[in-house]
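Survey of secondary and tertiary structure
Listed below, chain by chain, are the residues.
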Amino acid sequence: RAQSDPFAPPTRCQLVVPASIAQFPSNLWKDNPIRATALSDYLHRALYAHAKELGADNTVAGGGGWSGPKGGDIQILQPCQHVLEQSAVRVDTTQGTI
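The structure presented is a predicted model; accordingly, all values stated were derived computationally and were not measured. (Residues numbered from 1 in each chain as written. Predicted model: local features only at pLDDT ≥ 70, side-chain atom pairs only at ≥ 80, totals over all residues. Heavy atoms only, no water.)

For Gln 23, which is not glycine, the phi torsion reads 55 degrees and is therefore positive. Tracing the chain through its elements places Gln 23 in the loop between α1 (19–22) and α2 (33–54). The backbone of Asp 31 shows a phi angle near 55 degrees, a positive value even though the residue is not glycine. Mapped onto the secondary structure, Asp 31 falls in the loop between α1 and α2. With a relative accessible area of 59%, Asp 31 lands in the exposed category. (Helix = DSSP H or I, 4+ residues; strand = E, 2+ residues; numbered from the N terminus. Buried < 20%, exposed > 50% of the residue type's maximum accessible area, 1.4 Å probe, protein only.)

Rendered as structure tokens:
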């Protein structure tokens with residue numbers, strides 16, 4: 001459920017993708033927290049890049065577009081140069097869910 005009030009705090013959402021849908025090789029995440037962190041970091045960077053490329057993170061002058069009166073912009077933490085475990089994207093090392 002998204003906030004309809006433009007002055008309300010942003011709505012958080014969670015998207016869960018099963019391993020059978022994501023189809024990443026199990027050697028990238030299974031029983032290996034370091035590789036799972038690397039995969040989640042890669043996915044985080046890809047999501048951030050696509051949001052920027054599509055302009056989904058921009059505020060549009062005049063009150064329309066993604067950041068209109070009803071909101072709609074996608075905000076995700078900008079990745080840094082380090083590969084870190086983040087809460088923005090997580091890969092489960094036992095089931096492979098993202």
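Let us look at the side chain of His 44. By the secondary structure assignment, His 44 is in helix α2. For His 44, a relative accessible area of 2% corresponds to the buried category. Discounting residues that sit within four places of it in the chain, His 44 has contacts with Ile 76, Leu 77, Pro 79, Gln 86, Ala 88 and Val 89. (Contact = heavy atoms within 4.5 Å.)

A separate point is the nonpolar core. Residues Trp 29, Ala 36, Leu 39, Leu 43, Val 89, Val 91 and Ile 98 constitute the largest nonpolar core, which totals 7 residues. In this view, Ala 36 contacts Leu 28, Trp 29, Val 91 and Thr 93; residues no more than four positions away in its chain are not counted. (Core = buried A, V, L, I, M, F, W, Y, C linked by side-chain atoms within 4.5 Å.)

The next point concerns the side chain of Asp 41. Position of Asp 41 among the secondary structure elements: in helix α2. Using a relative accessible area of 6% as the deciding quantity, one classes Asp 41 as buried. Residue contacts for Asp 41: discarding those within four places in its chain leaves His 82, Val 83 and Leu 84.

One pass over the structure, following the stated rule, counts 1 salt bridge. With a closest N to O distance of 2.6 Å, Arg 45 and Asp 41 form a salt bridge. Placement of both Arg 45 and Asp 41 in helix α2 is noted, with a separation of 4 residues, approximately one turn of the helix. Assessed through its relative accessible area of 29%, Arg 45 is described here as partly exposed. (Salt bridge = Lys/Arg side-chain N within 4 Å of Asp/Glu carboxyl O.)

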